[in-house]
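# Report on the structure
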Amino acid sequence: MLSIPKLKNTDSPQFFLMAGPCAIEGRDMALRIAEHIVTLTDRLKIPYIFKGSYRKANRTKVDSFTGIGDEKALKILQEISQTFGIPVVTDIHESHEAAFAAEYVDVLQIPAFLCRQTELIAAAARTGKAVNVKKGQFLSGASMKFAVEKINETNPDCQVLLTDRGNSFGYGELIVDYRNLPAMRAFDVPVIMDCTHSLQQPNQESGVTGGKPKLIETIAKAAIAVGADGLFIETHFNPAEAKSDGANMLPLDQLEALLEKLVRVREAIL
């Protein structure tokens, strides 16, 4: 069901994992995080895609961290892919970024706020890379069929993935409606649960997004139980020092225990 070059452990019945830091903050941190997760996922036979944003375009404040430089960050992602023999995924925000980023990564990700942007989605599909579209916080799972149709119309051979990251619940909270996972899975594409962004508390008066990372395990377990094909988890050695989205990231040293639990949940429902 999932066709992405360099993806390992594809003969495993386990869920697949997209995980890494929110943003590429530097070469050493990115390589260390990747090495740690590769070691875990190889042991647990979990197909793994490294995640890292080469640039953060959607920021609350004008002085928020946006990146270390586009080409520099993309080359780090490419190095991770080559070093560990794994696919990598990054966000794009404008149509002209698609072909540029596709030179370095294996999966292009459409952010939730941009999931209705036809030209952006089509540009990603035209690259021939897999495209992961995050469901908007303002949409139902059923309405994501139109994003799938846009990709299929542009490139029928494109690997499409859909990701849920919660729905807006008032002004500063998100809530996960697990009905959206089977609704999106009905389009015959792999469906992912974003276990960290779905716990954001966006648009805080401080200008810094909050979060509830203690509930990551709850979100992940429930997603596996209702049939999610993959999980998306942002993680960092020290989330308090992360330059983006630290408030809802999982500390890296907690990932092993979480994955071991999730593997058992997956085995129990198969």
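Just above sits the structure.
## Describing the overall build of the chain
The helix and strand inventory of the chain stands at eight helices and 13 strands. The C-alpha atoms of the chain give a radius of gyration of 17 Å, which matches the 18 Å a tight globule of 270 residues would have. Oriented by its inertia axes, the alpha-carbon framework of the chain measures out at about 45 × 45 × 40 Å. Residue burial in the chain is summarised as follows: out of 270 residues, 56% are buried. Residue pairs at least 24 apart in sequence account for 70% of intrachain contacts in the chain once pairs closer than 6 positions are excluded. Treating the 30 positive side-chain charges of the chain as one cloud and the 33 negative ones as another, the clouds have centres 2 Å apart.

## Concerning the nonpolar core
Generally speaking, soluble globular proteins have nonpolar side chains that are buried together. Leu17, Phe50, Ile80, Ile92, Val133, Leu231 and Leu259 are the most contacted members of the largest nonpolar core, which totals 72 residues. Counting residues per element, this core draws most heavily on helix H1 (residues 27–44), at nine residues. Counting 11 residues, the second-largest nonpolar core is a separate cluster that includes Leu7, Met18, Ile49 and Ala130.

## Concerning the pattern of salt bridges
Across all of its chains, the model carries 16 salt bridges by this definition. The residue Asp106 makes a salt bridge to Lys6 at a minimum N-O spacing of 3.1 Å. On the criterion of sequence distance, the pair formed by Asp106 in the loop between helix H3 (97–102) and strand S4 (107–110) and Lys6 in the segment before strand S1 (16–20) is long-range, its members being 100 residues apart. Looking at Asp106, the relative accessible area reads 9%, which means it is buried.

## Observations concerning the environment of Phe16
For Phe16, the position within the fold is in strand S1. On a C-alpha basis, the gap between Phe16 and Leu258 in space is 14 Å, while along the polypeptide they are 242 residues apart. If near-sequence neighbours (up to four positions away) are discounted, Phe16 is found in contact with Leu2, Ile46, Pro47, Ile49, Leu161, Pro190, Ile192, Asp229, Gly230 and Leu231.

## Overview of the pairing of strand S3 (residues 88–91)
Burial along S3 is two-sided: Val88 and Thr90 facing one way and Val89 and Asp91 facing the other are all buried. As paired strands, strand S2 (residues 48–51) and S3 are joined by two bridges and run parallel to one another. Across the sheet, the residue bridging to Lys51 is Val89, located in S3. Of the pairings in the sheet, the one linking S3 to S4 comprises three bridges and is parallel in character. By the bridge assignment for S4, Thr90 is matched with Leu108. Once you follow S3 into H3 and on to S4, the crossover reads as right-handed.

## Here's the deal with the side chain of Arg266
One can find Arg266 in helix H8 (residues 255–269). Buried and unpaired, Arg266 has Asp229 as its nearest opposite-charge partner, separated by 5.4 Å. Once residues lying within four places of it in the same chain are set aside, the contact partners of Arg266 are Pro13, Gln14, Phe15, Ile224 and Ala228.

## Here we look at helix H2 (residues 70–84)
Helix length check: H2, at 15 residues, gives a terminal C-alpha distance of 22 Å against a target of 21 Å (1.5 Å per residue), a fit within 8%. Three or more residues of H2 are buried, namely Ala73, Leu74, Ile76, Leu77, Ile80, Ser81 and Phe84. Seen from one end, H2 has its buried residues packed into an arc of 150°, which puts them on one side. In H2, the exposed positions angled more than 90 degrees off the buried face are occupied by Lys72 and Gln82. Along its buried surface, H2 packs onto H1, S2, S3 and H3. With its phi angle positive at about 65°, Gly85 sits one or two positions after the end of H2.

## Some points on the pairing of S1
By the criterion of burial, S1 is predominantly enclosed, with five of the five residues buried. The alternating pattern of S1 places Phe16, Met18 and Gly20 on one face and Leu17 and Ala19 on the opposite face, and all of these are buried. Of the strand pairs in this sheet, S1 and strand S12 (residues 230–236) are connected by five bridges, and their pairing is parallel. Residue pairing in the sheet places Met18 in a bridge with Phe232 of S12.

## Description of the packing of aromatic side chains
Under the defined criterion, the tally for this structure stands at one aromatic pair. Judged by centre distance (5.8 Å) and plane angle (80°), the rings of Phe100 and Tyr104 are edge-to-face. On the basis of relative accessible area, Phe100 is assigned to the partly exposed category, the value being 29%. Against the face of Phe237 rests Arg32, its NZ or CZ located 4.1 Å from the ring centre.

Conventions used here
- Residues numbered from 1 in each chain as written.
- Predicted model: local features only at pLDDT ≥ 70, side-chain atom pairs only at ≥ 80, totals over all residues.
- Heavy atoms only, no water.
- Helix = DSSP H or I, 4+ residues; strand = E, 2+ residues; numbered from the N terminus.
- Rg over C-alpha atoms; globule rule 2.2 N^0.38 Å.
- Buried < 20%, exposed > 50% of the residue type's maximum accessible area, 1.4 Å probe, protein only.
- Contact = heavy atoms within 4.5 Å.
- Lys, Arg positive; Asp, Glu negative; His and termini not counted.
- Charge placed at Lys NZ, Arg CZ, Asp CG, Glu CD.
- Core = buried A, V, L, I, M, F, W, Y, C linked by side-chain atoms within 4.5 Å.
- Salt bridge = Lys/Arg side-chain N within 4 Å of Asp/Glu carboxyl O.
- Pairing = 2+ DSSP bridges.
- Right-handed = clockwise from strand over helix to strand, strands pointing away.
- Expected span 1.5 Å × (residues − 1).
- Arc of directions from axis to C-beta.
- Phe/Tyr/Trp six-rings, centres within 6.5 Å; stacked < 30°, edge-to-face > 60°.
- Lys NZ or Arg CZ within 6 Å of the ring centre and 35° of its normal.

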